[in-house]
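Observations on chain architecture
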Amino acid sequence: ALRTAPFYGATLGGTLLTTIDGIRINHHCQALDTQGQPIEGLYAAGDTTRGIMVSGDIGVDYLEGVFSSLTMAYNEGYIAGTEAAEYAKK
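Per the secondary structure count, the protein includes 1 helix and 2 strands. Long-range contacts, defined as pairs at least 24 residues apart, comprise 50% of the intrachain contacts of the protein with a sequence gap of at least 6. Accessible area for the protein stands at about 7300 Å²; split by element, carbon and sulfur atoms hold 60% of it.

With an omega of 10°, the peptide bond between Ala 5 and Pro 6 qualifies as cis. A positive phi is found at Cys 29, a non-glycine position, where the angle reads about 65°. Along the chain, Cys 29 turns up in the segment before strand S1 (30-32). The exposure class assigned to Cys 29 is buried, which follows from its relative accessible area of 3%.

Take the confidence of the model for the protein next. Looking at the protein as a whole, its pLDDT mean stands at 78, while 71% of the residues score no less than 70. This model gives residues 55-60 a pLDDT under 50, and the stretch forms 7 contacts once residues within four places in sequence are excluded.

Looking at where Thr 49 falls in the secondary structure, it is placed in the loop between strand S2 (38-43) and helix H1 (62-88). A relative accessible area of 13% places Thr 49 in the buried class. Among the polar contacts listed, one links the side chain of Thr 49 to the side chain of Glu 76, at a separation of 3.1 Å. With near-sequence residues (within four places) excluded, Thr 49 lies in contact with Asp 21, Gly 22, Ile 23, Ile 25, Ala 44 and Glu 76.

Cut-off values and rules
Residues numbered from 1 in each chain as written. Predicted model: local features only at pLDDT ≥ 70, side-chain atom pairs only at ≥ 80, totals over all residues. Heavy atoms only, no water. Helix = DSSP H or I, 4+ residues; strand = E, 2+ residues; numbered from the N terminus. Contact = heavy atoms within 4.5 Å. Areas by Shrake-Rupley, 256 points an atom, 1.4 Å probe, with all protein chains shown as cover. Buried < 20%, exposed > 50% of the residue type's maximum accessible area, 1.4 Å probe, protein only. pLDDT = per-residue confidence, 0-100. Polar contact = N/O pair within 3.5 Å; in protein donor to acceptor, adjacent residues only side chain to side chain.

The structure is reproduced here in structure tokens:
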């Protein structure tokens, strides 16, 4: 613990918007551990499962990326929500 003055502080903001790789999931949208096994009660959907979608040579065109990303997010969100609700009933 810091107990001797002077003390200094700084305001920092978050800068992480997405991951390069994303959380690995199975077809039930369960998050997987490093051995590929489902983590009980943890579900993931959308950009957290996929990483960055950018335009240009290294990715998809902008609009295609937006629509593809939203479509996947909606579908995965539905699956993850349904699966999580079923898990919560246990």
